[in-house]
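Residues per chain are reported as follows:
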Amino acid sequence: MIDAVNVGKEFFSMPAEEMENFAAKDSRKGCKVYTGSGNYGSDDFGLWRDTLQHPCHPLEKWTNIFPDKPAGYRGTIGPYTVEVRKLGIRILDMIYEGLGLTEENYDYHDLLLTIHNYPACPDPSSALGVSGHRDANLITIIQQDIYGLQLFKDGQWIGVEPLPNAFGIPISFSMEVISNGKLRSAVHRVVTNSACFRTSLVNFVNCPSDRLIEPVKSLVSPSNPPAFGAFHMEEYLEVLFGNNSDSEVTGEYFKIKSQASK
Ligand code: OGA
Ligand code: NI
């Protein structure tokens, strides 16, 4: 974990021209490097961060699109993501057992790694690192070295202090849908600080991309009707990007409104 965060810091310490080599359009197909939200020019406000993102599983398929600089990147991040994915699957296994699901096949579950670099910010009150959102995937495994992550609970933002050698693991939207709302996705954001730069490793554990995401049949009954319609992740992302990356609006889009509120 320590080597992984250090190699992430090394990546963002390289000259901008070096990092630009890894800027591709679609992180599901390759590596992507961007600043802020990546929607240059169309945002109402800027976000205080730089991001590197790429898929990780299966490692043999993706390792050659990982950055080849800094020199230790592939050798460190490869084994790190293999272990993180195993942890994710152990957790999913327990969640699914708790939900009474036994038939899930984990072989094709994806892992998308995002390494964020949040430079020290001269005025933290005027810039966020990531604005409030719910992640789209199943569960997210977050490693942070410096404080910055906050959760929205009971009408207020609550700080998630980093613990040494620990991950923060929010539930994401696909899991909320699959569990038919039994598990709620966590609204979270990242604040900036003026003292030092912060690096986080955000590991998105996801369903296979061709999987239909819908409430599982065993959790749906006449007295407990489906709370969400079925969709593929591609469709979710289309709605999300069409709504300025607003995950609240996007979540509402996939909710089935009860007869009473129609
Ligand atoms: C994200 C996210 C948290 C962090 O990338 O979706 O919530 O600590 N990041 O960087
Ligand atoms: Ni997030």
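Per an unreviewed UniProt entry, the chain carries the name Hyoscyamine 6-dioxygenase and comes from Coffea arabica. In its Sequence similarities (unreviewed entry) section, the UniProt record describing the chain reads: "Belongs to the iron/ascorbate-dependent oxidoreductase family."

Q: Whenever I open this one, the overall build of the chain confuses me. Can you help?
A: Each helix and strand counted, the chain has seven helices and nine strands in total. Since a compact globule built from 262 residues should have a radius of gyration of about 18 Å, the 19 Å found for the chain is in line with a globular shape. Dimensions along the principal axes, computed over C-alpha positions, put the chain at roughly 60 × 40 × 35 Å. Counting all 262 residues of the chain, 45% fall into the buried class. Split by element, the accessible area of the chain, about 13,500 Å² in all, is 55% carbon and sulfur. When the 23 basic and 32 acidic side-chain charges of the chain are each reduced to a single mean position, those positions are 4 Å apart.

Q: Got a minute to help me understand the coordination of the nickel ion (ligand 2) in this structure?
A: Each pair of donors in an ideal octahedron of six around a metal sits at 90 or 180 degrees, and each pair in an ideal tetrahedron of four sits at 109.5 degrees. Around the nickel ion (ligand 2), the protein contributes the donor atoms His133 (NE2), Asp135 (OD) and His188 (NE2), which lie 2.1 to 2.2 Å from the metal centre. Counting gaps between the donor residues of the nickel ion (ligand 2) yields the pattern H-x1-D-x52-H. Linking aspartate 135 in the loop between strand 4 (128-133) and strand 5 (139-144) with histidine 188 in strand 8 (residues 188-191), this pair joins segments that are 53 residues apart in sequence. In this structure, aspartate 135 and histidine 188 share a single accessibility class: buried.

Q: Would you explain the site of ligand 1 in this entry?
A: Around ligand 1 lies a shell formed by His116, Tyr118, His133, Asp135, Ile142, Leu149, His188, Val190, Arg198, Ser200, Val202 and Phe204. Aspartate 135 is positioned such that a nitrogen or oxygen atom in its side chain is 3.1 Å from an oxygen atom of ligand 1. Histidine 188 places a polar side-chain atom, nitrogen or oxygen, 2.9 Å from an oxygen atom of ligand 1. For ligand 1, whose accessible area on its own is 300 Å², the fraction buried by protein is 95%. At the level of secondary structure, the elements contributing two or more residues to the shell around ligand 1 comprise strand 3 (110-118), strand 8 and strand 9 (198-206). When grouped by side-chain class, the residues that make up the shell around ligand 1 number six nonpolar, four polar and two charged.

Q: Please explain the UniProt feature "domain: Fe2OG dioxygenase" (unreviewed entry) in the chain as it appears in this structure.
A: Feature annotation in UniProt assigns "domain: Fe2OG dioxygenase" (unreviewed entry) to the following positions: residues 107-207. Between the C-alpha atoms that bound residues 107-207 the distance is 10 Å, and the span itself is 6% helix and 43% strand.

Q: Any chance you could explain the sheet that holds strand 7 (residues 156-159) here in plain terms?
A: The strands that make up a sheet are held in pairs by hydrogen bonds between backbone atoms, and each pair lies either parallel or antiparallel. With respect to topology, four strands assemble into an open sheet ordered 4-8-6-7, the strand pairing being antiparallel. For this open sheet the edge positions go to strand 4 and strand 7, each flanked by a neighbour on one side alone. Going from strand to strand, the sheet's axes swing by 30 degrees on average, the running direction of each strand aside. As paired elements, strand 6 (residues 149-153) and strand 7 share four bridges and run antiparallel to each other. Residue glutamine 150 lies in a different strand from strand 7, and its bridge partner there is glycine 159.

Q: Would you mind showing me how to read empty space enclosed by the protein here?
A: One water molecule sets the probe size; rolling that probe over the atoms shows where empty space is left. Across all of its chains, the model carries one cavity of 30 Å³ or more by this definition. Among the residues forming the lining of the largest cavity, the class breakdown is five nonpolar, two polar and one charged.

Q: Whenever I open this one, the nonpolar core confuses me. Can you help?
A: In globular proteins that are soluble, nonpolar side chains generally tend to be buried together. With 53 residues, the main nonpolar core has Ile77, Tyr96 and Tyr236 as its most contacted residues. Of all the secondary structure elements, the ones that give two or more residues to this core are helix 1 (2-13), helix 3 (59-62), helix 4 (73-99), strand 3, strand 5, helix 5 (173-178), strand 9 and helix 6 (233-242). Sorting elements by how many residues they give to this core places helix 4 first, with 10 residues. Excluding residues within four positions of it along the chain, tyrosine 236 makes contact with Arg134, Ala136, Phe173, Phe231, Ser247, Thr250 and Phe254. If you look at the next biggest cluster of nonpolar residues, it comprises seven residues, including Val130, Ile142, Leu149 and Val190.

Procedures and definitions
Just so you know, the residues in each chain are numbered from 1, in the order the chain's sequence is written. To read the labels, note that chains go from A and ligands from 1, taken in the order they are written. At least 70 in pLDDT is required for a residue's local features to be given in this predicted model, at least 80 for side-chain atom pairs to be given and counted, and no such filter applies to totals for whole chains, interfaces and linings, which use all residues. Hydrogens and waters are ignored; side-chain quantities use all the structure's heavy atoms. UniProt positions are given in the numbering used here, feature names are shortened, and annotations may be inferred rather than shown by experiment. Here a helix means four or more residues in a row that DSSP labels H or I, a strand means two or more in a row labelled E, and each is numbered from the N terminus. Note that the radius of gyration is over C-alpha atoms, with the globule rule given as 2.2 Å times the number of residues to the power 0.38. Three exposure classes are used, based on accessible area relative to the maximum for each residue type with a 1.4 Å probe and protein chains only: buried under 20%, partly exposed in between, and exposed over 50%. In these tables, accessible area is a Shrake-Rupley quantity obtained with a 1.4 Å probe, and a residue counts as shielded only by the protein chains included in the view. Charged residues are defined narrowly, with Lys and Arg counted positive, Asp and Glu counted negative, and His plus the chain ends left uncounted. Charge positions come from single atoms, namely NZ of Lys, CZ of Arg, CG of Asp or CD of Glu. With water omitted from the atoms examined, metal sites may look incomplete; donors here are N, O and S atoms no farther than 2.8 Å from the metal, or 3.2 Å in the case of Na, K and Ca. Each residue is tested against the molecule or strand, and it is near if at least one of its non-hydrogen atoms lies within 4 Å. Two N or O atoms form a polar contact when they lie within 3.5 Å of each other; inside protein one atom must be a possible hydrogen donor and the other a possible acceptor, and for residues adjacent in sequence the pair counts only when both atoms belong to side chains. As a working rule, the residues Ala, Val, Leu, Ile, Met, Phe, Trp, Tyr, Cys and Pro are called nonpolar, Asp, Glu, Lys and Arg charged, and the rest polar, with Gly in that last group. A pair of strands is treated as paired once DSSP finds two or more bridges between them. Only the stretch in contact is used when a helix axis is fitted, and all axes are lines through C-alpha atoms; the angle between N-to-C directions ranges over 0 to 180 degrees. Computed over the protein atoms alone on a 1 Å grid, cavities are sets of points where a 1.4 Å probe fits but cannot get out and pockets are open sets with protein on both sides within 12 Å along at least five of seven lines; a residue lines them when it has an atom within 4 Å of a point. Grid points are joined across faces, edges and corners, and a volume is the space filled by probe spheres set on the points. Definition used in this section: a nonpolar core is a set of buried Ala, Val, Leu, Ile, Met, Phe, Trp, Tyr and Cys residues joined via side-chain atoms within 4.5 Å. In what follows, residue pairs with any heavy atoms lying within 4.5 Å of each other are defined as contacts.

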